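Summary of the model geometry
In case you want the letters, here they are:
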Amino acid sequence: MPPTFTQPDLPRYSERILPPYRYLPFQTGDAALPHPRRDKLGHSYGKPADYLPQFAAQDWRRCEPYLYGIDLFNHGYWWESHEALEAVWLAAGGSDTECGIFVQGLIQLGAAQLKRFIGQRRGADMLTESACEKLTRTDAIYLGIAVKALIETAQRCLREDQGEFPSIALQL
């Protein structure tokens, strides 16, 4: 089944064009779409991954991969969001810094939405819990995100499971 998730009324934070399709892993038959990077028909095949030499919390407003990762998350491109935010996570110091841990939490939160969308509830539960634990380690607003509101929305969407997915509103 092709993904049907859209939120066209959400603001965009980057200028980059969204991919032509949302990649959903573990799909078979007619529902299977080409892997974005490994398949020659993939929307990112042969394109270099984003690279950032460094990323600090105060850089978020000017960081195109970060802003694009948020856009991807908000529009249901959770696999692609992971790819974009991974460059930010690495540049932030990975799991060795507060900023890196927070970005890892965002990556896990996106992965949780993907798991929910494809019907893997247990994975969604575990990833949401891990993501929220990482996100709560920071200030009330961090990397432009109202952290408490995001966590509450993510937990509510998971608990109610009515086809609603959290989005990230940046405090510009």
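Residues numbered from 1 in each chain as written. Predicted model: local features only at pLDDT ≥ 70, side-chain atom pairs only at ≥ 80, totals over all residues. Heavy atoms only, no water.

Structural notes on the overall build of the chain
To keep it simple, the criterion reads: Secondary structure elements are taken from DSSP: a helix is a run of H or I of four residues or more, a strand is a run of E of two residues or more, and numbering for both begins at the N terminus. Both definitions apply: the radius of gyration is a C-alpha atom measure, and the globule rule equals 2.2 Å times residues to the power 0.38. Note on classification: 1.4 Å probe, protein chains only; a residue is buried when its accessible area is under 20% of the maximum for its type, exposed when over 50%, partly exposed between these limits. Contact between two residues is taken to exist if any of their heavy atoms lie within 4.5 Å; hydrogens are not considered. Using the Shrake-Rupley algorithm and a 1.4 Å probe, accessible areas are obtained, with residue cover drawn only from the displayed protein chains.
Looking only at helices and strands, one finds 5 helices and 2 strands in the chain. Reading the helices (α) and strands (β) of the chain from amino to carboxyl end gives α-α-α-α-β-β-α. Radius of gyration (C-alpha) of the chain: 15 Å, near the 16 Å computed for a compact globule of 172 residues. Over its C-alpha atoms, taken along the principal directions, the chain stretches across nearly 45 × 40 × 30 Å. A burial count over the chain gives 50% of its 172 residues as buried. Counting only contacts in the chain whose residues sit at least 6 apart along the sequence, the fraction spanning at least 24 positions is 62%. Of the roughly 9100 Å² of accessible surface on the chain, 52% is carried by carbon and sulfur atoms.

Concerning the side chain of Thr-138
Test applied: Contacts described as polar in this section are N or O atom pairs within 3.5 Å, which, within protein, must combine one atom able to donate a hydrogen with one able to accept it, while residues neighboring in sequence count only if both atoms come from side chains.
Mapped onto the secondary structure, Thr-138 falls in the loop between helix H4 (121-135) and strand E1 (141-142). A polar contact is formed between the side chain of Thr-138 and the backbone oxygen of Leu-135, at a distance of 2.9 Å. Residue contacts for Thr-138: discarding those within four places in its chain leaves Glu-98, Phe-102 and Val-147.

Overview of the environment of Gln-162
The residue Gln-162 is located in the segment after helix H5 (147-160) in this model. What Gln-162 contacts, discounting residues up to four positions off in sequence, is Arg-116 and Cys-157. At 2.9 Å, the side chain of Gln-162 forms a polar contact with the backbone oxygen of Glu-160.

Looking at the layout of surface pockets
Stated formally: Here a cavity means grid points, on a 1 Å grid over the protein atoms only, where a 1.4 Å probe fits yet cannot get out; a pocket means an open set of points with protein on both sides within 12 Å along at least five of seven lines; lining residues are those with an atom within 4 Å of a point. Grid points are joined across faces, edges and corners, and a volume is the space filled by probe spheres set on the points. Side-chain classes follow a simple rule in which Ala, Val, Leu, Ile, Met, Phe, Trp, Tyr, Cys and Pro form the nonpolar group, Asp, Glu, Lys and Arg form the charged group, and the remainder, Gly included, forms the polar group.
Its boundaries defined by the atoms lining it, the largest pocket holds a volume of some 440 Å³. What lines the largest pocket is a set of 22 residues, and nearest its centre among them are Arg-16, Arg-37, Ser-44, Lys-47 and Tyr-68. Elements with a minimum of two residues in the lining of the largest pocket: helix H1 (64-74) and helix H2 (78-91). With 7 residues, the top contributor of residues to the lining of the largest pocket is H2. Grouping the constituent residues of the lining of the largest pocket by class yields 13 nonpolar, 2 polar and 7 charged.

A few points about the packing of aromatic side chains
The test is simple: Only centres within 6.5 Å qualify two rings of Phe, Tyr or Trp (six-membered ring in Trp) as a pair; their planes then separate them into stacked at under 30 degrees, edge-to-face at over 60, and tilted for everything else. Two conditions define a charge sitting above a ring: the NZ of Lys or the CZ of Arg must be within 6 Å of the ring centre, and it must be within 35 degrees of the ring normal.
All told, the structure shown has 7 aromatic pairs when counted by the stated rule. Residues Trp-78 and Phe-165 carry aromatic rings whose centres are separated by 5.0 Å and whose planes lie at 40 degrees to one another, so their mutual orientation is tilted. Here Phe-165 lies in the segment after H5 and Trp-78 lies in helix H2, a separation of 87 residues in the sequence. The burial state of Trp-78 is the same as that of Phe-165; both residues are buried. A centroid spacing of 6.0 Å and a plane angle of 50 degrees characterise the contact between Phe-117 and Phe-165, whose relative ring orientation is tilted. You can see Phe-117 sitting in helix H3 (residues 98-117) and its partner Phe-165 sitting in the segment after H5, a full 48 residues away along the chain. There is no split in this pair, since Phe-117 and Phe-165 are both buried. Linked through ring pairs, Phe-55, Trp-60 and Tyr-66 together constitute an aromatic cluster. When the ring centre of Tyr-77 is taken as origin, the NZ or CZ atom of Arg-22, which lies over that ring, is 4.4 Å away.

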